[in-house]
Amino acid sequence: MSETERSPLLPKGPPNEPRQNLVLLWIGVWSMIFISSVDSTIVATLISTIGSSLESMQLSSWIGTSYLLSFCAFTPLYGRLANIFGRRPSVLFAGTLFGGGTVLCGFATTMPQLIAFRAIAGIGGGMTVVGSIIVSDSVPLRSRALHQGFANVTFAIGGAIGAPIGGWLGSTIGWRAAFIGQGPFVFFALFLLWKEIREPEFILNADRHSFFSKLKRVDYAGSASLVIGLLCFLVGMHFQTTAGYGWDNPRVWGLLTASAVVACAFVLIEGRFAPEPVMPLRMLKRRTPAFANLTMVLLSVFNFSTIYNVPLYFTAARVRSSAEAGVHLIPLSVMIAFGSVYTGWYMHKTGRYWWIQVFACSTVIVTSVALAFWDAATPEWILYTTLVPFGFGFAALSTTAILALISSVPTEEIPVATGLLFLSRVMGQVIGVSLSAALAQALLARNLRASIIGPGSAEVIEKILDSTEYIHTLPPDLQQKAAASWLGAIHVVFFCQIGLAVMVLLSALPIEENDLPGKRSELPTPTCQTTETRQNGTP
């Protein structure tokens with residue numbers, strides 16, 4: 001194994017060489033992560049305000065959907081771009097798209113303009129992928145765990161404060177300030193990164209090649225098929241879950257069929273024809289990369305299914321306000337922050353992660369069982385504490401998965417592996433929300449038709465399916481039936497999540513534990529060992 005696989009790609013050089021100021025570098029990376037997290041929640045709180053302002057409420061859901069579509073489709077590309085063009089050009093390209101697209105949203109005069117600008121910002125969302133690659137370049141693996149913990153805390157804080165900031169701006173200065181105000185912070189972070197990033201040696205050697213020769217290395221066919229396949233899948237699921245089209249609607253099954261066909265083409269391209277594939281399938285033939293990505297997909301499905309359905313339990317099944325639902329999620333955010341820092345500290349101190357990974361999986365199972373027994377009379381203390389174990393488990397697994405992955409691949413594959421893991425996370429998000437929403441809506445419709453009958457029942461049922469706020473306006477008898485119908489649907493979703501939590505555990509068990517050395521004195525004499533011969537073995 002080469003030394004650069006076990007230590008920073010950017011070791012300390014002679015005194016006369018320019019060196020990174022790591023403090024400024026971390027400020028730049030964490031600022032990008034923070035702004036990305038703030039943006040996601042700040043915009044979510046303003047969707048109805050923006051829709052009313054631009055007089056296009058029927059299109060307002062596409063404000064979030066367009067960003068998610070482009071973010072999910074383009075995220076995995078940045079791992080390969082960071083290797084071909086370098087870290088600095090890649091993060092500047094992504095950050096400029098994100099910052100420019102976000103600022104342009106503040107000047108949009110029509111809803112189609114705003115949706116297009118949000119899509120541009122989503123393409124630049126890959127700056128978080130490049131930021132993670134930069135951290136991997138700059139610190140040893142053991143310290144990488146601690147820095148990942150701090151990054152998770154930064155993301156959690158940004159998500160927590162974004163909603164109140166968005167609400168305040170929407171009711172005072174105006175929603176445009178929420179977009180324009182992000183610009184100075186994005187470009188300040190870009191300036192720090194431009195100034196402090198140092199490229200690894202193999203990138204500097206590649207700089208001797210012309211720009212056009214680098215362009216030839218880009219996997220255009222694979223990238224295009226990946227983008228088209230993901231877009232077809234996401235738009236198809238959007239029509240089914242958000243727009244209310246049935247599975248038999250040509251828009252739904254047509255797009256999902258097209259997605260499956262393009263996915264097959266993508267696998268063929270990546271496996272047979274692409275010289276530098278954007279998603280090297282050979283990586284997924286290895287034990288740890290395959291199971292690390294599978295664990296991240298399943299964990300993200302569980303996470304976003306929970307985040308989507310827990311608020312519905314309060315607003316629809318318990319007929320409470322959105323503010324009360326939000327308060328019950330605070331313990332989850334606190335434990336994510338604690339779990340991130342603790343896991344990073346533990347891995348930094350011990351260089352181990354397999355057992356804490358297994359423990360984290362057990363906390364996911366505990367939470368899934370507790371959620372399945374929520375009913376209309378569950379005590380408040382249980383409602384506040386149920387998500388606490390999962391908060392720790394989610395943070396721990398998110399941290400260990402990326403460390404297990406990058407410690408199991410050669411140095412030159414770390415950027416691509418990082419992009420692949422981020423794709424797994426985003427795909428889990430899409431699947432978790434889409435499938436749980438589809439299941440809940442189907443069960444809710446069945447329950448409502450069984451309990452609400454009589455003249456005008458079809459119209460009432462349709463309004464209940466369209467909005468949880470409508471339940472609060474119903475007379476007591478119909479309100480009780482609607483709440484019971486919602487509770488029955490959410491119960492089934494939560495019971496399904498028990499099986500999902502067990503799958504998370506089973507997918508994490510085969511992940512191998514590699515050494516995470518943190519000091520140069522701990523490094524072995526450089527050899528040409530393969531990835532397989534340097535495995536420690538797993539308990």
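Residues numbered from 1 in each chain as written. Predicted model: local features only at pLDDT ≥ 70, side-chain atom pairs only at ≥ 80, totals over all residues. Heavy atoms only, no water.

**Q** Please set out the overall build of the chain residue by residue, giving values where relevant.
**A** Along the chain, the regular secondary structure elements total 23 helices and zero strands. Counting every position in the chain, which comprises 539 residues, the buried fraction comes to 54%. Put simply, 83% of the contacts in the chain that link residues at least 6 apart link residues at least 24 apart. (Helix = DSSP H or I, 4+ residues; strand = E, 2+ residues; numbered from the N terminus. Buried < 20%, exposed > 50% of the residue type's maximum accessible area, 1.4 Å probe, protein only. Contact = heavy atoms within 4.5 Å.)

**Q** Tell me about unusual backbone geometry, residues and numbers included.
**A** With phi around 50°, Val319 is a residue other than glycine that occupies positive phi space. Mapped onto the elements, Val319 comes out in the loop between helix H15 (287–317) and helix H16 (322–327). Judged by relative accessible area, which is 23%, Val319 ranks as partly exposed.

**Q** Go over the packing of aromatic side chains, please, and point to the residues and values.
**A** For the coordinates displayed, the defined rule picks out 19 aromatic pairs. For the pair Tyr313 and Phe314, a centre-to-centre distance of 5.2 Å together with 80° between the ring planes defines the contact as edge-to-face. In this structure, Tyr313 and Phe314 share a single accessibility class: buried. Geometrically, the ring pair formed by Phe314 and Trp374 is edge-to-face, given 5.9 Å between the ring centres and 70° between the ring planes. Remark: Trp374 occurs in the loop between helix H18 (354–372) and helix H19 (380–385) and Phe314 occurs in helix H15; sequence separation between them is 60 residues. Across the pair, Trp374 and Phe314 agree in class, each one buried. Against the face of Phe422 rests Arg425, its NZ or CZ located 5.1 Å from the ring centre. (Phe/Tyr/Trp six-rings, centres within 6.5 Å; stacked < 30°, edge-to-face > 60°. Lys NZ or Arg CZ within 6 Å of the ring centre and 35° of its normal.)

**Q** Describe the confidence of the model for the chain, listing the residues and the values that go with them.
**A** Summarising the model, the chain shows a mean pLDDT of 80, and 88% of its residues fall at 70 or more. Model confidence for the chain, summarised as mean pLDDT per element, is weakest for helix H11 (residues 201–206) at 63 and strongest for H18 at 94. Every residue in residues 1–6 is under pLDDT 50, and counting partners more than four places away or in other chains gives 23 contacts. Low confidence marks residues 13–18, where pLDDT is under 50. Its contacts with residues over four positions away, or in another chain, come to one contact. (pLDDT = per-residue confidence, 0-100.)

**Q** Go over a nonpolar patch on the surface, please, and point to the residues and values.
**A** Taken together, Val327, Ile330, Val334 and Tyr384 make up a surface patch of nonpolar side chains, about 330 Å² in accessible area. Within the fold, Tyr384 resides in helix H19. (Patch = residues over 30% accessible without salt bridge, like charges linked within 9 Å, V, L, I, M, F, W, Y side chains within 5 Å. Areas by Shrake-Rupley, 256 points an atom, 1.4 Å probe, with all protein chains shown as cover. Salt bridge = Lys/Arg side-chain N within 4 Å of Asp/Glu carboxyl O.)

**Q** Please set out the side chain of Thr418 residue by residue, giving values where relevant.
**A** Inspection of the secondary structure puts Thr418 in helix H21 (residues 414–451). Setting aside chain neighbours within four positions, we find Thr418 in contact with Val129, Ser132, Ile133 and Ile406.

**Q** Got a sec to walk through helix H4 (residues 77–84)? Specific residues and values, please.
**A** Summarising burial for H4: eight of the eight residues are buried, a large majority. Turning to H4, its buried residues number three or more, namely Leu77, Tyr78, Gly79, Arg80, Leu81, Ala82, Asn83 and Ile84. Directly beyond the C-terminal end of H4, a positive phi value near 110° is found at Gly86.

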